[in-house]
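What follows is the residue order along each chain.
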Amino acid sequence: MAFLITGYIELAVILIALAIKAFAFINALLWPAESYTAANKLTKPAWLAILGVGLAAQVVLIQASPINPIHLIATVAAIVFLVDVRPAVSELTRR
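About the criteria used
Residues numbered from 1 in each chain as written. Predicted model: local features only at pLDDT ≥ 70, side-chain atom pairs only at ≥ 80, totals over all residues. Heavy atoms only, no water. Helix = DSSP H or I, 4+ residues; strand = E, 2+ residues; numbered from the N terminus. Buried < 20%, exposed > 50% of the residue type's maximum accessible area, 1.4 Å probe, protein only. Contact = heavy atoms within 4.5 Å. Areas by Shrake-Rupley, 256 points an atom, 1.4 Å probe, with all protein chains shown as cover. Core = buried A, V, L, I, M, F, W, Y, C linked by side-chain atoms within 4.5 Å.

Asks: Looking at this structure, I do not really get the overall build of the protein chain. What am I missing?
Replies: Summing up its helical and strand segments, the protein chain has four helices and zero strands in all. Looking at the 95 residues of the protein chain, the share that counts as buried comes to 33%. Considering only contacts within the protein chain whose residues lie at least 6 apart along the sequence, 70% involve residues at least 24 apart. In the structure as shown, the protein chain presents an accessible area of about 6000 Å², 75% of it carried by carbon and sulfur atoms.

Asks: What's the story with unusual backbone geometry in this structure? I'm lost.
Replies: With glycine set apart, most residues show a phi of negative sign, and most peptide bonds adopt trans. Of note in the backbone geometry, Asn40 takes a positive phi value of approximately 60 degrees without being a glycine. Judged by its relative accessible area of 69%, Asn40 falls in the exposed class.

Asks: Even after reading the chapter, I still don't get the nonpolar core, so can you show me in this structure?
Replies: Here is a general trend for soluble globular proteins: nonpolar side chains tend to be buried in one another's company. Residues Ala24, Ala28, Trp31, Tyr36, Trp47, Leu48, Leu51, Ala78, Phe81, Val85 and Val89 constitute the largest nonpolar core, which totals eleven residues. When contributions to this core are tallied by element, the ones reaching two or more residues are helix H1 (2–30), helix H3 (44–60) and helix H4 (69–92). Per element, the largest residue contribution to this core is four residues, and it comes from H4. In contact with Val85, other than residues within four places in its own chain, are Tyr36, Lys41, Trp47 and Val80.

Geometry only, nothing functional implied.
Structure (structure tokens):
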């Protein structure tokens, strides 16, 4: 029974991390490239590469543990984008 609960928790963490990475990558596509440099952040291609590689690694290593270093680094990168870069870029870009 304990293994079943642990498995469901691990699956939930993996799916949440995948959703965060996918949302960050798709959101990074939406902002103009000029906004990234105007906000003194990494360039749009750099963020797309970081987030894209992280998302691809998550998909390829879907069976790996959620505390796998690759998963953790990619998740932290996506969270940094969503918490730091996205608000800075959105301030400069009015939709």
